[in-house]
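# Structural overview for review
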Amino acid sequence: MICKTTPGLRGLMAAGAMAAAAAMPMTAQAEETYNLALLSDFSGPYADIMPIWTGSREAVFDWWNETSGKDLGVTLNYKNYETRYDAAQVASLWPGIKSELDPIAVVGLGGPDVAALSERLPEDKIPMFMATAAYGYAWQPDSWIFNPRPTYSHESAAFLAWLKEQRGGDEPLKAAIMASEASPAYVDMAKGLELYAEEHPQELDLVEVIYTEVQPTDLTAQMRRVARAGAEALIIQTNTSIVVAAKRGLQANGADIPILMSSHNGLPASGGALGGLDQLEGDYEAYGMAVAADEDTPARQFYETLVAEHGLEAPWSVVTAMGISQGLYTVAVIGHAIEENGAEGLTGEMVREALFARPITAEETHGFLPTLTFTPDAPFPLEGLKVNVGTVRDGKIAIEATGVDVPDVQKW
Amino acid sequence: MVYFINDIITGALIGLLYALVAMGFVVIYRASKVFNFAQGELVIIGGFIVWFTTMQLGLSLWLSIPLSLVLAGLVGYAIERIFLTKLIGESVFSMVMVTVGLLILLRGLVLLLFGPAVRPFPIIFPLKPLFLGDMLIPMNLLAGGIITIVAAVGLSWFFNRTRSGLRMTAVAEDHVVASSMGISVKGSIAFAWVLGAILSTIGAMIFLSGKSLTFLASDIGFAALPVALFAGLESIGGLILAGVIIGIAQSLTTNYLDPLIGGSLGSVVPYIIMLAILLVRPTGLFGWRTIERV
């Protein structure tokens, strides 16, 4: 039951295509077949990027089935489940997913999946692989949920340390952060950075922490406070609408403070919502994953392969990179598990053990991710953390820095 | 101190925007005793109409705004004709449940027709704020505040001083009795929905001017709900005071308490105020007290 998603399906997808696709026959051509449950949001806050995201990760599974899977005698089937980015929906769907698919792994989406399944997956012995940065509230040992990237606060702290280095001087960098209580993950982003600023006063002076709605009415007055506090950077890792409202607020005040975005609300998405990428000239995105710039990189070459040979229709963007990187480290771990245990009788528990057994190299993920060394101590690699920084230069996305070290951020 | 006063002014103007959206609730309620749960969805329908006429058809704002208001009125009329007209004479509960279904249907329709992408909304009001010394006032909110007050005065006059407005109030009291008195129940309710849709579209233009448009913008309907209930569902003039109180309380909480406690208490405060007033006055601040003689 391989349910392939294309960007063109958009809202129709949520309405019924998945239900129809569920009736499609199994495409079991190899000796062994295992299932993956894909959690998606086609009608909630990430509906705008979901077709690209899920189309990208599906293309990786198709590529793996036709290459490594064929050699190993294994086919990975997958099926999308619509969660509306809602923890209650995920929790109610999970028993059905388990009985229908008996998956060896879940390919997750975001915070609600973590909130709904963090207690259940250890009992069911099924690991979940995420694409986003990790969350402070899920930073626990012996996790069954894994992120290839550190927390959002790690990523923003790394960016701010890099920006301070670019600026020069000994005084701490002044920054502000936008948060929202609409999602626990949004609060988490601010909490982690607040703690980092508290513990590193010589590095960072967090001059404003602003809470707002996910669709703010107006942020002009808040942006004036940010400007008057002398902020040298504004961190917005929440969503696109807050980036747009903040940018308009900064423009209204005549303030030119660079905004840092994350991958899910990055430069292309926010630029599109503002009417053009040129509106974000000099702003940044930073994350522990390849930047989808125009430059010719191994990641870009792999993307081109997926487009040319495996039917990927998504444009080259940060969301596509997120979907591909999620798919790549998932299949890399499953590949390791098969090499360790053989193709027969693979279980979720074996997949999780394989994750700790050996690192997932940057070569295995075609440069989309740095080399990942997971341990049972945390849901994300604690060592060798790096981020890449992208910016808009002359109306185009360009790589500003690669392999930026992530500073030591304590658990909060 | 300047910031504090500025936050109060901005809060009051945001509260007036909530009052404008809440006016849609009140107009429909006063004409039909139906609480329209899909009011937020009418805001995004209006927003998408403005976006479509401006960004897709490329019409100038002078043309697209009146055209959008007309189209929004037609959408309101169509909704009433298709979903509500057959329920006239039935229990109010049935009609309210239809509006709950409408909420889900309209959200789905927007997704189906326009997709989930975040779109740039046209700049209707100048982005540059008005500077008063050290204080700044966003132009969209200032214009919105003026429009809200003008609309409230006009609608209060209409409902309390004109024959058509009084007829609509009679319809809300009892459909059957109003019909027996020769009042067009269908016409009154349809007019209320047309008005509700137009007010929502004006609210969308103020709310979204120069920002981004997605189906999630319908959340403003929930933000306006406490204003409508706080004022009392029959009082249009009361919305102004209720909006200003709730807007200021929310602004001060967001700017001064939230950073201290690390949470968005600002989004909860309107509901706390609403519940507090409903405990003391179940009909809201300016809602009608009904005396029934048995």
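Model, not experiment: these values are computed from the prediction. (Residues numbered from 1 in each chain as written. Chains lettered and ligands numbered in written order. Predicted model: local features only at pLDDT ≥ 70, side-chain atom pairs only at ≥ 80, totals over all residues.)

Secondary structure summary: chain A contains 14 helices and 12 strands in total. Its C-alpha atoms give chain A a radius of gyration of 21 Å, near enough to 22 Å, the size a compact globule of 412 residues would have. Contacts spanning at least 24 positions in sequence make up 71% of the contacts within chain A whose residues lie at least 6 apart. (Helix = DSSP H or I, 4+ residues; strand = E, 2+ residues; numbered from the N terminus. Rg over C-alpha atoms; globule rule 2.2 N^0.38 Å. Contact = placed C-beta atoms within 7 Å.)

Turning next to the nonpolar core. Leu234(A), Ala246(A), Ala22(B), Met23(B), Val227(B) and Leu239(B) are the most contacted members of the largest nonpolar core, which has 235 residues in total. Residue contributions to this core peak at 17 residues, all from helix H8 (residues 185–208) of chain B. In terms of domain composition, this core takes at least three residues from each of domain 1 (7–150 + 295–381) and domain 2 (152–287 + 387–405) of chain A. Those residues within four positions of Leu234(A) in sequence are excluded, and the remaining contacts are Ala176(A), Met178(A), Val226(A), Ala246(A), Ile257(A) and Ile259(A). (Core = buried A, V, L, I, M, F, W, Y, C linked by C-beta atoms within 7 Å. Buried ≥ 20, exposed ≤ 12 C-beta atoms within 10 Å, placed from the backbone. Domains from an automatic or database assignment.)

We now examine the sheet that holds strand S4 (residues 128–129) of chain A. All names here are of chain A. A sheet is described by the order of its strands in space; here five strands give the open sequence S2-S1-S3-S4-S5, paired in parallel fashion. Strand pairing shows two members of the sheet lacking a second neighbour, strand S2 (74–82) and strand S5 (145–146), which therefore form its edges. Pairing between strand S1 (residues 32–40) and strand S3 (residues 105–107): three bridges, direction parallel. For Leu-36, the partnering residue across the bridge sits in S3 and is Ala-105. (Pairing = 2+ DSSP bridges.)

It is worth spelling out unusual backbone geometry at this point. Residue and element names in this part refer to chain A. At Tyr-85, a position not held by glycine, the phi torsion is positive, near 55°. Here Tyr-85 falls in the buried class, since 23 other C-beta atoms lie within 10 Å of it. Despite not being glycine, His-366 has its phi angle at roughly 50°, a positive value. Summarising the element assignment, His-366 is placed in the loop between helix H14 (348–357) and strand S11 (386–393).

Here the focus is the interface of chain B and chain A. The partner chain A presents 34 residues to the 36 residues of chain B that form the contact. Per-element tally for the side of chain B that touches chain A: the top contributor is helix H1 (residues 2–32) of chain B, with six residues. Classifying every residue of the side of chain B that touches chain A gives 18 nonpolar, 12 polar and six charged. (Nonpolar A, V, L, I, M, F, W, Y, C, P; charged D, E, K, R; others polar.)

So, about the sheet that holds strand S6 (residues 173–179) of chain A. All names here are of chain A. Ordered by their spatial adjacency, seven strands build an open sheet running S7-S6-S8-S9-S10-S11-S12, and the pairing between neighbours is mixed. Of all strands in the sheet, those with a lone pairing partner are strand S7 (204–211) and strand S12 (396–405), marking the two edges. Shown here is a sheet whose adjacent strand axes are inclined to one another by a mean of 25°, direction ignored. Bridge count for S6 against S7 is seven bridges, and the pairing is parallel. Across the sheet, Lys-174 pairs through a bridge with Asp-205, a residue of S7. (Axes fitted to C-alpha atoms, helices over the stretch in contact; angles between N-to-C directions.)

Moving on, we come to the domain arrangement of chain A. Interface extent is often summarised as the accessible area lost during association of the parts. All names here are of chain A. By domain assignment, chain A separates into domain 1 (7–150 + 295–381) and domain 2 (152–287 + 387–405). Put simply, the parts of the chain that give the side of domain 1 that touches domain 2 at least two residues each are helix H5 (111–117) and helix H13 (318–341). Here the residues of the side of domain 1 that touches domain 2 are counted per class, giving 10 nonpolar, five polar and two charged.

Right, let's get into the UniProt feature "domain: Leucine-binding protein" (unreviewed entry) in chain A. Mapped onto this numbering, the UniProt entry annotates "domain: Leucine-binding protein" (unreviewed entry) at residues 34–359 of chain A. Between the end C-alpha atoms of residues 34–359 of chain A the distance is 23 Å, and the span holds 48% helix and 15% strand. (UniProt positions renumbered as here; feature names shortened; annotations may be inferred.)

Okay, helix H4 (residues 87–101) of chain A next. All names here are of chain A. In this model H4 runs 20 Å from its N-terminal to its C-terminal C-alpha over 15 residues, within 8% of the 21 Å that 1.5 Å per residue would give. The sharpest bend along H4 measures roughly 35° and falls at Leu-93, with the proline Pro-95 sitting one to four residues further on. Looking only at H4, the buried set comprises Val-90, Trp-94 and Ile-97. In the stretch just after H4, Asp-102 is the one whose phi turns positive, near 50°. (Expected span 1.5 Å × (residues − 1). Bend = angle between axes of the 7 residues up to and from the residue.)

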